[in-house]
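Observations on the three-dimensional arrangement
Now for the letters of each chain:
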Amino acid sequence: GTASDSAPLKVSVLLSRFDSLETDPFFKEVFRHIETELFEQHCVLNHVLFARDLMDSSFWDSGSTSGLIILGRCPQSLLPRLKSHYRNIVGIGRNPTEYEIDEIVCDGVTAARTAMEYLISLGHRKIAYIGDCSSETRFTGYHESLISHKIPFHFQNVHPTAQTEPEGYLVMRSIMESPDKPTAIFCANDVTALGVLRAYHEFPQAEYQPSVISIDNIEAAQDTNPLLTTINIPKEDMGRLAVALLISRIRGKHTENVRLEVPCRLVVRESCYLIK
């Protein structure tokens, strides 16, 4: 029978890295597509959980929940606890697990390498990275690209952050004050790049115009100055496929943990320049 003949499936969503959807526009957009698809499949959005709720399992209310969709990389230590609590889980993100749960992935290594290949094709060799560095696929892709092009890896070009707009802003301020500036800046996500561009506009330096590239292609990236060159991740496909995979899992239509990978692609706008 279809979902409508019986009680509707109740699905909870967990934002694993941040305490608000406002902090993470990428997952806010994915979340919107999940909501639309749940509605179209006659499912109910039960609870939206945030990173801070994970400390307290009483929030997890699995009794009433048919399944859980995890947005973003979940701390490794938490997955077993979540799996013992929720029978049906689908993850969405850029860092695949070792087939521990069903997941929809747009591989962060590939996205990062796509961004780096573009910068390197424009002649850049001194490329900064702003983003998470701890077992983060986007940092891996940055590092691998340097190696494959025989470009030396310098720690001073790596700026570990939690990938938020204010942190992008602060790192860019410090880059602009350093004597040895990178010619290009690769941000792990668009929201970091928004902070970088804001710092650059507030303190313009006539002789310094770095290329800026990032990953996600959120809506706000289409309205920056200059327009942001980024790697598109198909947020609508990821959100809708996650709901389809979760329903398949709940109905027992598949038993192995499945990983569906969607492609990323380069969106060239105005924020990257050829090295003269």
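Read on for a plain summary of the structure. Note that the structure is predicted; figures quoted are calculated from it, not measured. (Residues numbered from 1 in each chain as written. Predicted model: local features only at pLDDT ≥ 70, side-chain atom pairs only at ≥ 80, totals over all residues. Heavy atoms only, no water.)

Time to look at the packing of helix 5 (residues 165-177) against helix 6 (residues 190-202). The interhelical angle for the contact between helix 5 and helix 6, taken along N-to-C directions, is 45°, at an axis separation of 7 Å. Considered as vectors, helix 5 and helix 6 are oriented oblique to each other. Crossing angle aside, the handedness with which helix 5 passes helix 6 is right-handed. Contacts between helix 5 and helix 6 pair Glu 165, Gly 168, Tyr 169, Met 172, Arg 173 and Met 176 from the former with Val 191, Thr 192, Leu 194, Gly 195, Val 196, Arg 198, Ala 199, Tyr 200 and Glu 202 from the latter. Residue classes in the contact of helix 5 with helix 6 are distributed as eight nonpolar, three polar and four charged. (Axes fitted to C-alpha atoms, helices over the stretch in contact; angles between N-to-C directions. Helix = DSSP H or I, 4+ residues; strand = E, 2+ residues; numbered from the N terminus. Parallel < 35°, antiparallel > 145°, perpendicular 65-115°, else oblique. Left-handed = near helix turned anticlockwise from the far one by under 90°. Contact = heavy atoms within 4.5 Å. Nonpolar A, V, L, I, M, F, W, Y, C, P; charged D, E, K, R; others polar.)

Spatially, 7-6-8-9-10-12 is the arrangement adopted by the six strands of the open sheet, whose pairing is mixed. Only two strands of the sheet have a single neighbouring strand rather than two, namely strand 7 (158-160) and strand 12 (265-267). Geometrically, the sheet is characterised by an average inter-axis angle of 20° between neighbouring strands, direction not taken into account. Of the pairings in the sheet, the one linking strand 6 (residues 127-131) to strand 8 (residues 184-187) comprises four bridges and is parallel in character. Note on strand 8: the bridge partner recorded for Ala 128 is Ile 185. Most of the contacts of helix 4 (residues 137-148) go to strand 6, to which it runs at about 170°, and overall it touches strand 6, strand 7, strand 8 and strand 9 (211-216). (Pairing = 2+ DSSP bridges.)

A separate point is the packing of aromatic side chains. Tallied over the full model, the rule gives nine aromatic pairs. Seen from their ring centres, Tyr 129 and Phe 139 are 5.1 Å apart, and the 50° between their planes marks the pair as tilted. Here Tyr 129 is found in strand 6, whereas its partner Phe 139 is found in helix 4, with ten residues between them in sequence. Here the two residues Tyr 129 and Phe 139 agree in accessibility, since each one is buried. When the ring of Tyr 142 is compared with that of Phe 153, the centres are 6.5 Å apart and the planes differ by 65°; the resulting orientation is edge-to-face. In this pair, Tyr 142 sits in helix 4 while Phe 153 sits in the loop between helix 4 and strand 7, placing the two residues eleven residues apart along the sequence. The class for Tyr 142 is buried, based on a relative accessible area of 1%. Ring pairs connect the aromatic residues Tyr 129, Phe 139, Tyr 142, Phe 153, Phe 155 and Phe 186, which therefore count as one cluster. The positively charged end of Arg 94 is found above the aromatic ring belonging to Phe 26, 4.1 Å away from the centroid. Positioned over the ring face of Tyr 169 is Arg 198, at 4.0 Å from the centre of the ring. (Phe/Tyr/Trp six-rings, centres within 6.5 Å; stacked < 30°, edge-to-face > 60°. Buried < 20%, exposed > 50% of the residue type's maximum accessible area, 1.4 Å probe, protein only. Lys NZ or Arg CZ within 6 Å of the ring centre and 35° of its normal.)

Here we come to the sheet that holds strand 2 (residues 44-50). The pairing of strands in a sheet comes from backbone hydrogen bonds and takes either a parallel or an antiparallel form. Spatially, six strands are ordered 2-1-3-4-5-11 in an open sheet, and the strand pairing comes out parallel. Two strands close off the open sheet at either side, each with one partner strand: strand 2 and strand 11 (259-261). Taking the axes of each pair of neighbouring strands and ignoring which way they run, one obtains an average angle of 15° across the sheet. Where strand 1 (residues 10-15) lies against strand 2, five bridges are found, and the strand directions are parallel. Looking across to strand 2, one finds that Leu 15 is bridged to Phe 50.

Before going further, it helps to examine the nonpolar core. Within the largest apolar cluster, 72 residues are counted, with the highest numbers of intra-cluster contacts made by Ile 69, Leu 71 and Phe 186. Grouped together as the second largest cluster of nonpolar side chains are 13 residues, Leu 14, Leu 54, Trp 60 and Cys 74 included. (Core = buried A, V, L, I, M, F, W, Y, C linked by side-chain atoms within 4.5 Å.)

The next subject is the pattern of salt bridges. A complete count under the given rule lists 20 salt bridges for this structure. Measuring nitrogen to oxygen at the nearest pair gives 3.1 Å for the salt bridge that ties Glu 22 to Lys 28. Classification of Glu 22 as exposed rests on a relative accessible area of 58%. Across the pair Glu 37 and Arg 240 runs a salt bridge whose closest N-O atoms are separated by 2.2 Å. With a gap of 203 residues between them, Glu 37 in helix 1 (residues 25-40) and Arg 240 in helix 7 (residues 235-250) connect regions that are remote in the sequence. A single salt-bridge network, built from bridges that share partners, covers Arg 17, Arg 73, Asp 132, Glu 136 and Arg 138. (Salt bridge = Lys/Arg side-chain N within 4 Å of Asp/Glu carboxyl O.)

This brings us to the environment of Ser 145. Take Ser 145: it is sitting in helix 4. On the basis of relative accessibility, which here comes to 0%, the residue Ser 145 falls in the buried class. Considered as a pair, Ser 145 and His 159 are 14 residues apart in the sequence and their alpha carbons are 17 Å apart. A polar side-chain atom of Ser 145 sits 2.8 Å from the main-chain carbonyl oxygen of Gly 141. (Polar contact = N/O pair within 3.5 Å; in protein donor to acceptor, adjacent residues only side chain to side chain.)

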